2 protein chains.
Amino acid sequence: MNLYPTICVALLLSSCASAPPAATQTKSLTPSSVIEQSTTADWRQPDQQLLLHVKTTEGEVIFELAPQFAPEHVANVKTLVAERYFDGLAVIRSHDNYVAQWGDPDANTGKARSLGNARPKLEGEFVLSRDAIDFHPIDSRDAYADVVGFAAGFAAGADKDRIWLTHCYGALGAGRGMEPDSGNGAELYVVTGHSPRHLDRNVTLLGRAISGVEHLSSLRRGTGTLGFYETPEETMPIQSIRLGSELPPEQRSNLEIMRTDTETFARYVRSRTYRQHPWFIDQSGKISVCNVGVPVRPAR
Amino acid sequence: MNLYPTICVALLLSSCASAPPAATQTKSLTPSSVIEQSTTADWRQPDQQLLLHVKTTEGEVIFELAPQFAPEHVANVKTLVAERYFDGLAVIRSHDNYVAQWGDPDANTGKARSLGNARPKLEGEFVLSRDAIDFHPIDSRDAYADVVGFAAGFAAGADKDRIWLTHCYGALGAGRGMEPDSGNGAELYVVTGHSPRHLDRNVTLLGRAISGVEHLSSLRRGTGTLGFYETPEETMPIQSIRLGSELPPEQRSNLEIMRTDTETFARYVRSRTYRQHPWFIDQSGKISVCNVGVPVRPAR
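Because the structure is a prediction, the values reported are computed rather than measured.

*Asks:* When you look at the state of the cysteines in this model, what are you seeing that I'm missing?
*Replies:* One way to say it: the disulfide is the covalent bond shared by the sulfur atoms of two cysteines. Residues and elements named next belong to chain A. Applying the stated criterion to the full structure yields two disulfides over all chains. Between the sulfur of Cys168 and that of Cys290 lies a disulfide, 2.1 Å long from S to S. Across the S-S bond of Cys168 and Cys290 the torsion is about -75 degrees, and the bridge reads as left-handed. Remark: Cys290 occurs in the loop between α6 (263-273) and β16 (296-298) and Cys168 occurs in the loop between β10 (162-165) and β11 (171-174); sequence separation between them is 122 residues. Of the two residues, Cys168 and Cys290, neither departs from the other in class, the shared state being buried.

*Asks:* It is not clear to me how the interface of chain A and chain B should be interpreted in this structure. Could you clarify?
*Replies:* By convention, interface size is frequently given as the accessible area that disappears when the constituent parts associate. On the chain B side, the residues contacting the 52 residues of chain A number 52 residues. Summing both partners gives a buried area of about 4400 Å² for chain A against chain B, and 50% of it is carried by carbon and sulfur. Three residues, Arg141, His194 and Trp279 of chain A, lead the burial of chain A against chain B; their summed loss comes to 19% of the area buried on that side. Scanning the region where chain A abuts chain B turns up six salt bridges. Here Asp282 of chain B makes a salt bridge to Arg162 of chain A, at a shortest N to O gap of 3.0 Å. Along the contact surface separating chain A from chain B lie 38 residue pairs in polar contact (both at pLDDT 80 or more). Residue classes in the side of chain A that touches chain B are distributed as 20 nonpolar, 16 polar and 16 charged.

*Asks:* Sorry if this is basic, but what is going on with the pairing of strand β15 (residues 255-258) of chain A here?
*Replies:* Across a regular strand the side chains alternate sides, sitting on one face of the sheet and then on the other. All names here are of chain A. Residue alternation in β15 divides its side chains into two sets, Leu255 and Ile257 and Glu256 and Met258, and both sets are buried. Note that strand β1 (residues 43-44) and β15 share two bridges and pair antiparallel. Across the sheet, Arg44 pairs through a bridge with Ile257, a residue of β15.

*Asks:* Teacher, can you tell me more about the sheet that holds strand β2 (residues 51-56) of chain A here?
*Replies:* The strands making up a sheet are joined through hydrogen bonds of the backbone, oriented either antiparallel or parallel. All names here are of chain A. Reading around the circumference, β2-β3-β13-β11-β12-β5-β4-β14 is the order of the eight strands in this closed barrel, with antiparallel pairing throughout. Going across the sheet, the axis of each strand differs from the next one's by a mean of 35 degrees, ignoring polarity. One ladder, built from four bridges, connects strand β3 (residues 59-65) with strand β13 (residues 204-211); its direction is antiparallel. Considered in β13, the bridge of Glu64 is made with Arg208.

*Asks:* Any chance you could explain the environment of Phe154 of chain A here in plain terms?
*Replies:* Within the secondary structure, Phe154 of chain A is located in strand β9 (residues 154-158). With near-sequence residues (within four places) excluded, Phe154 of chain A lies in contact with Glu64, Leu65, Ala66, Gln68, Gly149, Leu165, Gly207 and Arg208 of chain A.

*Asks:* Help me out: how do you make sense of the relation of the copies chain A and chain B in this one?
*Replies:* Relating one copy of the chain to the other requires a rotation about an axis plus a shift along that axis. With an RMSD of 0.0 Å, the fit of chain A onto chain B corresponds to turning through 180 degrees and sliding 0.0 Å along the axis. Both copies are brought into coincidence by an operation consistent with a two-fold rotation axis. When the interface residues of chain A are mapped onto chain B, 100% of them are again interface residues, pointing to one common binding face.

So, how was this worked out
For every chain, the first residue of the written sequence is number 1, and numbering continues from 1 along that sequence. Here every chain gets a letter starting at A, and every ligand a number starting at 1, in the order they are written. Totals for whole chains, interfaces and linings use all residues, but because this is a predicted model, local features are given only for residues with pLDDT of at least 70 and pairs of side-chain atoms are given and counted only at 80 or more. Derived side-chain values reflect all non-hydrogen atoms in the structure, with water molecules and hydrogen atoms excluded from consideration. Pairs of cysteine sulfur atoms within 2.5 Å are what we label disulfides. Counting from the N terminus, the helices are the DSSP runs of H or I reaching at least four residues and the strands are the DSSP runs of E reaching at least two. Under the scheme applied here, a residue whose accessible area is under 20% of the maximum for its type counts as buried, over 50% as exposed, and between as partly exposed, the area being computed with a 1.4 Å probe on protein chains only. It only takes one pair of heavy atoms within 4.5 Å for two residues to be counted as in contact. Summed over both partners, the accessible area (1.4 Å probe) lost when two parts come together is defined as the buried area. The salt bridge criterion pairs a side-chain nitrogen of Lys or Arg with a carboxyl oxygen of Asp or Glu, the two atoms within 4 Å. Definition of a polar contact: a pair of N or O atoms within 3.5 Å, with one able to donate and the other able to accept a hydrogen when the atoms are protein atoms, and with sequence-neighbouring residues admitted only if both atoms are side-chain atoms. Each residue gets one label: Ala, Val, Leu, Ile, Met, Phe, Trp, Tyr, Cys and Pro are nonpolar, Asp, Glu, Lys and Arg are charged, and the others, such as Gly, are polar. Any two strands are treated as partners once DSSP identifies two or more bridges connecting them. Note on method: axes are straight lines fitted to C-alpha atoms, helices fitted across the in-contact stretch only, with angles between N-to-C directions ranging 0 to 180 degrees. Least-squares fitting of one copy onto the other uses the C-alpha atoms of those residues that reach a pLDDT of at least 70 in both copies.

Structure, rendered in structure tokens:
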């Protein structure tokens, strides 16, 4: 808790008190008004080389990768994509209130697809040194981390020494077995329910969905152990995975993402903390990091 | 924060320290071992008059109602069920990472179905007096409530004076309009994503799913504003809603629910806080109330 006074000073636009800020400060401070009042400088266009387009029979899901947190996993996934490893594989698991997972249905058999030039094992990229990245805390009392906020545009938790990505809805992770270095990015999962934050710092997160995650979260749940599908017919084909930069221009996304290192974003967080909409009778004046939601919109 | 010392004393089996408890205390303290070692007295069989069987074309969802928190809404829903108000209505909204909602597609038209003997408006049952119900706090630092825990078997938040049900995954709520008394239980929703806890104390929660919620959380998302379906063809029919007590014995559920006022449940919460499974490399030693999950199983 001793970190909070620091946070309050750091976030000049955020209120640290429990009471709503004065009306003059919060007039029209709704999420949509903050977005309306934002300027071009408040948004960034993601690097097309860091957008993972997952094409399924239900629709396309786009993830933004986080090489700042998981450089080796991102590089390995890029190798797998370049060599078309994923094309024709499948979503093999849909675990209610937890994750959807895709990869090679034959991974544990003699018919496993070759990983090609990708590395079969990677050291877990579970945490960074706290001073390795610019971190913007928010005013939130978190169940799992000393402090939470945003770094490089991603929701993150931190303690005095370390910082890590958080398992919020839409977070993209690299499945692993019992050994910390048994993940490689060939088996990926996305969080589809309440945030399983106990997984934080135990498995590599390497990005988060910015579009279309509903195609994975609305899949019929698997009836096997841990939500795995029990027959090949139940799985959903992964038609292809491509980086944005590999796609012809007309197939690329044209999305922009609100920057998380600005005064505007601090105001956005505050607008989600103090809900000004008249529907709210009892404003909590509180927020959890997984309920912030970084705005994404078609680029202007 | 000043409530925590009290909680630590109250929960004799829970650890208040950040460090994992001594090995002798936690040997085999996994969620499944706690369940295995439980006794008959650790479980309760829900009252069939408080089980809401929602039958859809995708499968059956069963909710346990919470008259302890929302007596008027539960009574009104029972009236609606008794008069078969819900039969033939539909799930009209599936909002990604938020809620699925069902009710009368014609509610806002001249063709709205009659509410019969049910009351059209009910005062919001948003909070109870803290001393009105037996509350078992857990050791969790919560973003939204001073203290969290369980009351009458349901996840709850509390402050010094008040206690309320929390919007965790599977929570059942009564939709309302702008006025606090505009809900009546004819339009119900269930939480299907990360817990939208900012809704706590702003809308009446009256139960939670104990079986089959995946039939509602895996619905295709609506493409209209707020996830509403845009055409009648997209909605999913509600074939019927019945109380367990109305069903012939062979159609009733035979589930038992772990009691939340026992030493066994405190051990269960601790097993979810300190994950003993060897897969975990960096135990958080933390828990959020929506990640506890009260065990439900076929009755022995």
